[in-house]
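# Close look at the chain arrangement
Now for the letters of each chain:
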Amino acid sequence: MKDRTEITQMAGLEVVFTRKRVKNINLRIQPATGAIHVSASPRVNRRYVEGFIASRKDWIAAAQQRLQLRRDSTEPDLAEGQQVPFLGDYYELVLSKIDAPGISDEKLVLALSQESSSTQIKHSLEEFYRSELRTKLSLLSEYWEQVVGAKSSEYRVRRMKTRWGSCNTQKARINMSLELAKFPLACIEYVLVHELTHLLEPSHNKRFHSLVADVMPDWKERKAFLNKGIAPK
């Protein structure tokens with residue numbers, strides 16, 4: 001029997017769930033991302049697995065919080081003049097209470113005073129990313145929903161350390177990672193198509209990949225670029 005993995009909702013949490021030959025239900029939190037990984041034998045009832053996860057929700061939350069604190073403590077400080085990524089390019093960070101936030105002359109302007117702290121800058125930059133990504137998704141979804149043949153009930157932009165996107169197939173709700181604002185539109189389109197296709201096929205099986213390839217033949221190249229991350233300037 002081959003292992004079968006899916007991204008699903010269990011006990012109100014997003015879980016990477018694998019059916020494989022194991023004796024016990026195994027639960028682990030991926031250190032680099034905080035993703036919840038659960039594996040269980042095909043003979044174990046899904047409701048039993050969900051009950052197990054529900055019983056460990058406090059432990060899961062505490063473990064994810066510890067990992068997040070470690071990641072936050074290693075994030076570099078931000079200051080005016082630094083180069084920051086946006087839609088695949090790099091821009092000089094400028095703080096100005098006079099100018100509106102946006103891109104101008106290869107500069108990314110934030111509506112902040114020059115005395116702003118690194119924490120304030122990070123928050124403002126995150127809100128800029130969020131606003132811009134929502135705008136892009138609004139435009140891109142109109143096109144790709146027609147091409148894919150599936151429609152989402154809602155798009156959410158979230159801080160997602162675990163993956164680039166996720167799809168709640170029952171509610172037809174799609175979550176997109178805030179980090180995507182740093183990448184070219186081609187990468188954002190790939191994640192959008194990937195998640196929309198889950199509304200037609202929940203699993204990552206042959207049919208799923210065939211559906212993605214039908215509408216986006218170069219999806220592997222887009223995915224490869226995305227997984228490499230932002231190249232240093």
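For the structure itself, look to the data block above.
Now for a quick tour of the structure.

About the criteria used
- Residue numbers run consecutively from 1 along every chain, following the written order of its sequence.
- At least 70 in pLDDT is required for a residue's local features to be given in this predicted model, at least 80 for side-chain atom pairs to be given and counted, and no such filter applies to totals for whole chains, interfaces and linings, which use all residues.
- Excluded from the side-chain calculations are hydrogens and water; all other atoms, namely the structure's heavy atoms, are used.
- Secondary structure elements follow DSSP: runs of H or I of four or more residues count as helices, runs of E of two or more count as strands, with numbering from the N terminus.
- Only protein chains enter the accessibility calculation, which uses a 1.4 Å probe; a residue is then buried when its area is under 20% of its type maximum, exposed when over 50%, and partly exposed in between.
- The contact definition used throughout considers only heavy atoms, calling two residues in contact when any of these lie within 4.5 Å.
- Areas reported here follow the Shrake-Rupley algorithm with a probe of radius 1.4 Å; residue values treat only the protein chains shown as occluding.
- Note on pairing: two strands pair once DSSP finds at least 2 bridges between them.
- Residues grouped as a nonpolar core are buried Ala, Val, Leu, Ile, Met, Phe, Trp, Tyr and Cys residues, joined through side-chain atoms within 4.5 Å.
- Two rings belonging to Phe, Tyr or Trp (six-membered ring only in the last case) form a pair when the distance between their centres is within 6.5 Å. Interplanar angles under 30 degrees mark stacking, angles over 60 mark edge-to-face geometry, and anything in between is tilted.
- Only when the NZ atom of a Lys or the CZ atom of an Arg is both within 6 Å of the ring centre and within 35 degrees of the ring normal do we say a charge sits over the ring.
- Only C-alpha atoms enter the line fits that serve as axes; for helices the fit covers just the stretch in contact. Angles between N-to-C directions range over 0 to 180 degrees.
- Counting rule for disulfides: a pair of cysteine sulfur atoms within 2.5 Å.
- Bend at a residue means the angle formed by two fitted axes: the first through the 7 residues ending at that position, the second through the 7 residues beginning there.
- Just to be clear on terms, a salt bridge is a Lys or Arg side-chain nitrogen sitting within 4 Å of an Asp or Glu carboxyl oxygen.
- Put simply, angles under 35 degrees are roughly parallel, angles over 145 are roughly antiparallel, angles from 65 to 115 are roughly perpendicular, and the rest are oblique.
- A crossing counts as left-handed when the near helix is turned anticlockwise from the far one by less than a right angle, and as right-handed when that turn is clockwise.
- Classification convention: Asp, Glu, Lys, Arg as charged; Ala, Val, Leu, Ile, Met, Phe, Trp, Tyr, Cys, Pro as nonpolar; all other residues, Gly among them, as polar.

### Concerning the overall build of the protein
Of regular secondary structure, the protein possesses six helices and 11 strands. Expressed along its principal axes, the backbone C-alpha trace of the protein runs to roughly 65 × 40 × 30 Å. Looking at the protein as a whole, 42% of its 233 residues are labelled buried. In the protein, 48% of the contacts between residues at least 6 apart in sequence involve partners at least 24 apart. When the accessible surface of the protein is split by element, carbon and sulfur atoms take 49% of a total near 13600 Å².

### With respect to the pairing of strand β1 (residues 4-10)
Taken together, the seven bridges between β1 and strand β2 (residues 13-19) define a ladder with antiparallel strand orientation. Within β2, the residue paired with E6 across the bridge is F17. The antiparallel pairing of β1 with β2 creates a hairpin that spans two residues between the two strands, and A11 there sits at a positive phi of about 55 degrees.

### A few points about the nonpolar core
Judged by nonpolar contacts, the single largest core of 39 residues is most densely connected at L108, L110, Y129 and M176. By residue number, the principal contributor to this core is helix α3 (residues 118-148), which donates nine residues. In contact with M176, not counting residues within four places along its chain, are L137, R156, V157, R158, M160, W164, G165, I188, V191 and L192. Among the nonpolar cores identified, the runner-up in size contains 15 residues, and I25, I29, I36 and V38 belong to it.

### Concerning the packing of aromatic side chains
Using the criterion set out here, one finds seven aromatic pairs in the structure. Here the aromatic rings of F86 and Y129 are separated by 6.3 Å at their centres, their planes lie at 15 degrees, and the arrangement is stacked. Residue F86 is found in strand β5 (residues 83-86), and its partner Y129 is found in helix α3; the two are separated by 43 residues along the sequence. Considered together, F86 and Y129 belong to a single accessibility category, that of buried residues. Ring centres of Y143 and W144 lie 4.9 Å apart, and the angle between their planes is 80 degrees; on these two criteria the pair is classed as edge-to-face. Taken together, F86, Y91, F128 and Y129 form an aromatic cluster joined through their ring pairs. Over the face of the ring belonging to W59 we find R56, whose NZ or CZ atom lies 4.9 Å from the ring centre.

### Examining the sheet that holds β5
Pairing in this open sheet of four strands is mixed, and the strands run β5-β6-β8-β7 from one edge to the other. Unpaired on one side and paired on the other, β5 and β7 (102-104) mark the two borders of the sheet. Averaged over all neighbouring strand pairs, the angle between strand axes comes to 45 degrees, with direction disregarded.

### A closer look at the state of the cysteines
Per the stated rule, a full pass over the model turns up zero disulfides. Of the cysteine sulfurs around C167, a residue in no disulfide, the closest is that of C187, at 20 Å.

### Details of α3
For α3, the principal kink sits at S141 and spans about 35 degrees. Downstream of α3 by a residue or two, G149 has a phi angle that is positive, lying close to 85 degrees.

### Regarding the pattern of salt bridges
This structure, assessed with the given rule, holds 14 salt bridges. A salt bridge links E126 to R130, with the nearest nitrogen and oxygen atoms 3.3 Å apart. You can see E126 and its partner R130 sitting in helix α3, four residues apart, about one turn around the helix. Classification of E126 by relative accessible area gives buried; the value is 19%. Assessed through its relative accessible area of 13%, R130 is described here as buried. Shared partners join several salt bridges into a network, and the residues in it are E126, E127, R130 and R159.

### Some points on the packing of helix α4 (residues 185-197) against helix α5 (residues 206-215)
Between α4 and α5, whose axes approach to 10 Å, the crossing angle comes to 135 degrees. Comparing their axes, α5 and α4 come out oblique. Viewed along their axes, α4 and α5 form a crossing whose handedness is right-handed. Side by side, α4 and α5 meet where V193, H194 and T197 of the first sit next to F208, L211, V212 and V215 of the second. A class-by-class count of the residues in the contact of α4 with α5 yields five nonpolar, two polar and no charged.

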